[in-house]
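In case you want the letters, here they are:
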Amino acid sequence: MHDKGARVLIIDDENQIRKMLKVALSAHGYETAVASSGQEGLNQAAFFHADIIILDLGLPDMDGLEVLKQLREWTEAPIIVLSVREMETDKINALDSGADDYVTKPFSIGELLARMRVALRHAAKTDDEPVLKFGELTVDLSRRQVMLEGKEVKLTPTEYDILKNLVIHAGKVLTHRQLLKAIWGVNYQEQAHYLRVYIGQLRKKIEPDLTRPRFIITEPGVGYRFLIKE
Amino acid sequence: MDTTGKPIKKGKLTVFLGSVAGVGKTYAMLEAGYDKYMHGNDAVVGCIDMPKKTDLATLLCKIPILLKGEKAKESAAKIAELDIDAVLDRKPQLVIIDNLAHLNDTAYRHSYRYQDVQEILDFGIDVYTTMDIFHVESLKDIVEQITGIKGQHTVPDGFIEKAELILIDVSQDEIIQRIKDEKIILPQELGQNTDDFFRPGNINALRELALRYTAQRVDKQLSEYMQEHDIKGPWPASERILACISPSPFSTQVIRAARRMADALKAEWAVIYVETHYHSPQNEVVYNQLAKNLLLAEELGAEIITLTGDDFAQEILLVSKRKNITQIVLGKPAHSRIEELRGSVVDRVLRESQGISVHIIPGKSVTKEKQSIAVYRSLRQCRLFPYTLTLLLVVLITLINKYIGFDLPNIVLLYLLPVLFSGAYWGRGPSIMASLLGVLAFDILFVPPIHSITVADLKYLVSFVIFLVVAVTTGTMANRLRYQAELARRREARTAALYSLSRKIVAETEMGGILRTVINVVCENINGEAFIFTPHDNGELSINAFSQGFQECSLKENEKAVVNWVFEHGRIGGRGTENWGTSQGLYFPLKFEEKNLGVLGVNIAEAELLLSSEHRQMLEAIANLLSLAMLSLQLSADAQQARNLAQSEELRIALFNSISHELRTPLASILGAVTSLLEGENIYNQVDRQVLLQTVNDEALRMNRLVGNLLDMARLESGMMQLKYDWCDIQEIMGVVLRRIQELIGERKIIVDMAQNIPLIRADFVLIEHVMVNLLDNANKYAKAGTKITIIILMVAEEIQIGVKKIGEPITGIDRDKIFEKFYRSKSNQQISGTGLGLSICKGIIEAHGGKIWVESTSHGGNSFIFTLPLDDKIPPQVPTGKEGDTIAR
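Before going into details, it helps to say that this report is about the structure given with it. (Residues numbered from 1 in each chain as written. Chains lettered and ligands numbered in written order. Predicted model: local features only at pLDDT ≥ 70, side-chain atom pairs only at ≥ 80, totals over all residues. Heavy atoms only, no water.)

## Re the packing of helix H20 (residues 459-507) of chain B against helix H21 (residues 511-525) of chain B
All names here are of chain B. Heads up, the condition is: Every axis in this analysis is a line fitted to C-alpha atoms, fitted for helices over the stretch in contact. Angles between the N-to-C directions lie between 0 and 180 degrees. Working definition: helices are DSSP H or I runs of at least four residues, strands are E runs of at least two. Numbering for both runs from the N terminus. Convention used here: angles under 35 degrees read as roughly parallel, angles over 145 as roughly antiparallel, angles from 65 to 115 as roughly perpendicular, and any remaining angle as oblique. Two helices cross in a left-handed way if the nearer one is turned anticlockwise from the farther one by less than a right angle. They cross in a right-handed way if the turn is clockwise. Throughout, a contact is declared for two residues whenever any of their heavy atoms are within 4.5 Å. Gly is placed with the polar residues, together with every amino acid not listed as nonpolar (Ala, Val, Leu, Ile, Met, Phe, Trp, Tyr, Cys and Pro) or charged (Asp, Glu, Lys and Arg).
Where H20 meets H21, the axes come as close as 10 Å, and the angle between the chain directions of the two elements is 165°. It follows that H20 is roughly antiparallel to H21 by the angle criterion. Remark: the crossing between H20 and H21 carries right-handed chirality. Contact with H20, carried on its side by Ala 497, Leu 501, Lys 504 and Ile 505, involves Ile 514, Thr 517, Val 518, Val 521 and Asn 525 of H21 and no other residues of that element. Among the residues making up the contact of H20 with H21, the classes are represented as 6 nonpolar, 2 polar and 1 charged.

## A short note on the side chain of B:Asn780
With respect to the helices and strands, B:Asn780 occurs in helix H26 (residues 765-782). Ignoring anything within four residues of it in the chain, the contact list for B:Asn780 reads B:Leu744, B:Ile745, B:Arg748 and B:Ile789.

## Details of the pattern of salt bridges
Threshold: Between Lys or Arg on one side and Asp or Glu on the other, a salt bridge is scored when a side-chain nitrogen of the former is within 4 Å of a carboxyl oxygen of the latter.
Per the stated rule, a full pass over the model turns up 34 salt bridges over all chains. Residues B:Arg705 and B:Asp777 are paired through a salt bridge, measuring 3.8 Å at the closest nitrogen-oxygen approach. Taken together, the residues span a long stretch of sequence, with B:Arg705 in helix H24 (residues 686-718) and B:Asp777 in helix H26 at a distance of 72 residues. Members of the salt-bridge network, linked through shared partners, are A:Asp101, A:Glu111, A:Arg115, A:Glu219 and A:Arg225.

## So, the packing of aromatic side chains
The condition is simple: In this scheme Phe, Tyr and Trp rings, the latter by its six-membered ring, pair at centre separations within 6.5 Å, and the angle between planes marks the pair as stacked below 30 degrees, edge-to-face above 60, and tilted otherwise. Partly exposed residues are those whose accessible area sits between 20% and 50% of the maximum for their type, while under 20% is buried and over 50% is exposed, using a 1.4 Å probe and protein chains only. Lysine NZ or arginine CZ positioned within 6 Å of the ring centre and within 35 degrees of the ring normal marks a charge as sitting over the ring.
For the structure shown, the criterion picks out 12 aromatic pairs over all chains. For the pair B:Tyr114 and B:Phe159, a centre-to-centre distance of 5.5 Å together with 55° between the ring planes defines the contact as tilted. Taken together, the residues span a long stretch of sequence, with B:Tyr114 in helix H5 (residues 113-122) and B:Phe159 in helix H7 (residues 157-161) at a distance of 45 residues. Relative accessible area serves as the criterion here: at 5%, B:Tyr114 is assigned to the buried category. A network of ring pairs unites the aromatic residues A:Phe134, A:Phe215 and A:Phe226 as a single cluster. Geometry around B:Trp727 places B:Arg762 over its ring, the cationic atom sitting 5.4 Å from the centre.

## Points about the sheet that holds strand E8 (residues 145-148) of chain A
In sheet architecture, strand pairing relies on hydrogen bonds along the backbone and comes in two forms, parallel and antiparallel. Residues and elements named next belong to chain A. So the rule is basically this: At least two bridges found by DSSP between two strands is the condition for calling them paired.
Pairing is antiparallel in the open sheet, where 4 strands are placed in the order E6-E7-E8-E9. Two strands bound the open sheet, and with one partner strand each, they are strand E6 (131-134) and strand E9 (151-152). Strands in contact with helix H6 (residues 157-168) are E6, strand E7 (137-140) and E8; relative to E7, the strand with the most contacts, it is inclined by about 105°.

This is the structure:
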C-alpha cells in the first residue's frame, strides 16, 4: 500500500485541530475521517477501515490510553498519538501500549507528516531487506557489518544489537523499555542507564560531533530515534 | 470577664431564700418554674434535692427534667446531681437548680455549685435556685453565734448580690411540724444536733436574720435603681471601710464583719495586709492561711491591698488617708504582754486615727483555732541554731574579758557586741537573749562580789538597767535593719527577675525560645514544675513547653478540663482559687484583652500547700509578660504575612504586565501577518507571503516557549515540580538542546567545549534541558550580532560546572544581584522582549538539584552564566558486559 491516498482517522476533541488536520492532510492526498470523542473514534475506526489513526490522548469522555488499548485489540493500523510537552509518562505509556509514534503539541504539520510516513512504511513492510543504507552509514544485517563512509566500524555485540534495533525501526521512536527488553530481556526494563552508556559508546563510533548527532537522536525522557533524512 | 464566643447578655439569677430548711423554698421555686413553663418558656429542672416524704413529685413531673442518664427519671439520687455540660448543651431559657450552697464532688469541674451557676449564667441562661440564710458567707459568724453551728459551705455575698431575692417564710410551728413529717432535708453541718438547732428561738432568730438580709438587699436595689435613674434622694455620705488582716485564722472573722458593715452602710470596702517584721509569714503554713484570708476577702468582694512596711499602724493610717477611709475594722489583739508594752497596733491606730471610726472585732476563741495559732507561733520561733550561736558568742566574750582583764566599763561595752551581732543576723529573740546573758555574766563574773548574783554597790543596778535598755534597743534596731534589708532584697529580687525575664523575652525571636525562658524563670522562683499550653489552629490545646522532669501523662483528665476552662474563660483557675480549687495544678490564663493565647500551668512540689500571694502575684506578672511577648510575636508574624502578601501582590502585577505584553506582542504579529494574507491574497508576491508566514511561525514558537516557561514557573512556585532523577549524560543533553534551539539560533555559532571523562550525573534530564535552552535563548538575545556563544563543561572537585559564555553588555551592580529574581528585567535591556522568567526558572531548577547558578562578567564585554550540578555520591551502577566481546570504553 502506498501512503498516498491512505485513509486517516483523526480522533481529537478540539474542533480547530480537527479542521486544520482535515484540510492539511486532505491537501497531502489523504482520505480523512474525524471523531470528536473516544467512543465516536472507536466506532469510526471499525466502519472507516483506517490505514492510520491520529489519536489525541486528552479526550473528554474516556482516557486516550484506554481508546488506544481497545483499538489495539483488533487493529494493527499504525497509531500516532498527540500529547503535550510535559506529559512524558503519558507518551511512554502510549508507546508501550502499542502506539507507533507520538507528536508533541504544538507541532508542525511537516513533523506529523514525517511520522505518518514512517509509520505507514513500517506497517507496509513485508520482507526484511538485508542491507540498510542511511546516507554514509550502511548496516548489513545478514553479515552483522556496519560501514561508515566506506570503512567498517568495529562494534561490540551489544552496540550492534542496539544499532540494529534502531535501524530496523528507523524514523520511529523506541522507548527505553522497548530497547532494554529487546537487548537484555524483560528483567532489565528499568535500567535506563545501560542505554546511556552504550548509546554514548555507539555514538562515539558513528557520530563525528557528539553534541550534534546525525543518526541516533535522544527523545528526552522517552527514548531514542534513528533519524532518517528524507 | 472573657465572653468571647458567648452571648454578651448574661442570664438572670433568682434566689429563693429561706430562713431555715423546711420553709418550702424548693416548692416555691418549682411553682414559679412551672408557671414560666406554662407561659411558653423553655424551662428545665437541672437538679432537685428530694426529701424522704415530699409533695414535690406532683409538681416535678410537670416540668422537663434534665438528667445525667437518659432513663434515670425515677432515681432521686440522679436528680440531686447537676450536669452542667448537659445544661450548656441543651441551652434552655431557664434552668431550675436546687441548693445553691451544695458542695460538689472533688472530681467535678467546680468545687461549689454556685460556680456552676455562674458559668450557666455566663452562657445567658436564667437560673432559679434556692438557699438558706445559713449559707450566706458574711453571716457565717452571726449564724454561729445564734445557733452554735458553723455553716461550712457558704455562698459568697458578691454572688448573691447579683440575684433577685425572693424570701420564703412560714411560721415556726409549721417548720417544726414539717421536720416531724420528714418533709425536709437537713443541712449537712447539723449532724446529730437537729433538735438543738430547731429550737423555736433559733428558728425565729434565723427568720429575723433572713428578713433583715432581704430587706437590706431590697433597700440596696432600690437605691441602686434610684441612682441609675437619677432619682434624687437622701444619699448617705459615702463610707469606705478598711479591714486590717494578718495571716491569723482570726482574720476571717474580721473580713466577714467588715463585709457586713459594708453591706449595712452601702460602703465600698477594702482589705489590707501589711507585711512587717512582726507579721512576716516565715513558713508555708502561715503563707497558706494568709492566702486563704486574702482569697476570702476577694470572694466577698473586697479590694485587696498588700503592702510591705515597717510599721503596721503607720501603713494602715497612710492607706486610710490616701483612700479616704472612714471606718477601720481591726481584730482584737492576740499579742503577748511584752508586745503590749510597746503598745499594740490597735492602740496606736486608735491614737492616731483622727476622725476615722475604728471597730474592734473580738476574736472568738475556738480551741481548734488556738491550736493552729500555737503551731503558727512555734513554727515561727523554733530555730535553735541562732540561740546556740548567741550563747557561744557570749561565752567567747566572757572568756576574752576574763583573760585580758579590762576594766568594768570596757567589759560592759564588749557584751554589747553579741547583742548587735545576733540582732543583725538572727533577729530579735537571740538579741534579747544575748542582752540578758550579758547582764547575767557581767553581774556574776565581774561585779563584786564575784560568783554571786548579788551586787555590792547599788550603782551597778543602774548600770544593768542602762545596759539592758541599750542592748534591747540596739538589738531591735539591728534586727529591723536586717529585716528591711531582707525585704528590700526580696523585692529587688522579684523586680530583677521580672526585669531580666522581660529582657530575655525581648531578645527571643521565636516562640519556642520565649516559652523555654519563661519556664526556666518560673522554676527558679517556685519549687515545682511548670508547663505551657498553646492552642493549635483547630483550637485544641496542647503542651508546647515544660520544665525538666515534667511528664505530660502525669496530667489527669480532670487537670486538662481545668486547663481548657482557664483558656476559654481567661480566668485564673486551679488549686487554691475559686475555680476548680481542688485540682492539683494552678493555671494562669495567657491572654491579652479578648485574645486567648494559652495557659501557664504550675505544679507545686508540696502537695498540701497553696502558693503564697507574693508568688501568685509574681506568676501573674510573668503570665502577663508572656502574653505580651506572645502577642507581639504573633503580631510581627502577621505583619510579615502582610508584607509577603504585598510582595506577592507586587509580583502579580509584574506578572500581569509582563504576560499581557509578552503574549500580546507575538499575537499581534501573528494576527497582523495572517489578516494580511487573508484579505490581500493577490497583493503579495511569493517572497512576501513567505516572509509573512515565517513571522507567524516564529511568533507562534515564541509564544509556545513563553507558555512553557510560565508553566515551569507555576510548577516551581506551587512546589509541584518534582525531580525525576535519572542517570544522565551531559553530552546527550547538549545534543538535545542544540537540536531544539537550532531554529531559534539561526546562523549564530555555538561552540561546545567539553572536558574528557565527565561521568554520568544524577539529574532530571528534561529540566536540565530546560535550563540550557533558557540560558542559550538568553545568550542569543543579548549577545552582539555575529558573535559566537561558547558552552564550557568542566569537572571541578565534586561537581560539574557548565558555563554559557557570550559577548554582550557586561552585567553590573544591581542587575547582577537581581537578575535571577522573578520578573526582573534589566533597565538597559528594556528594548529586548522577555518576561524575566527564564533565569529565575533556571535558578529554581538548579537549586532543586542542589547546585548553584551565578553570573560572571568581564570588563571587555563577556558575560558567563555558570551553573553547577553536584556529582552524586553514588557511582553509576555497573553496566553488564553481558555479551561476549563487549568492552566498556569509558
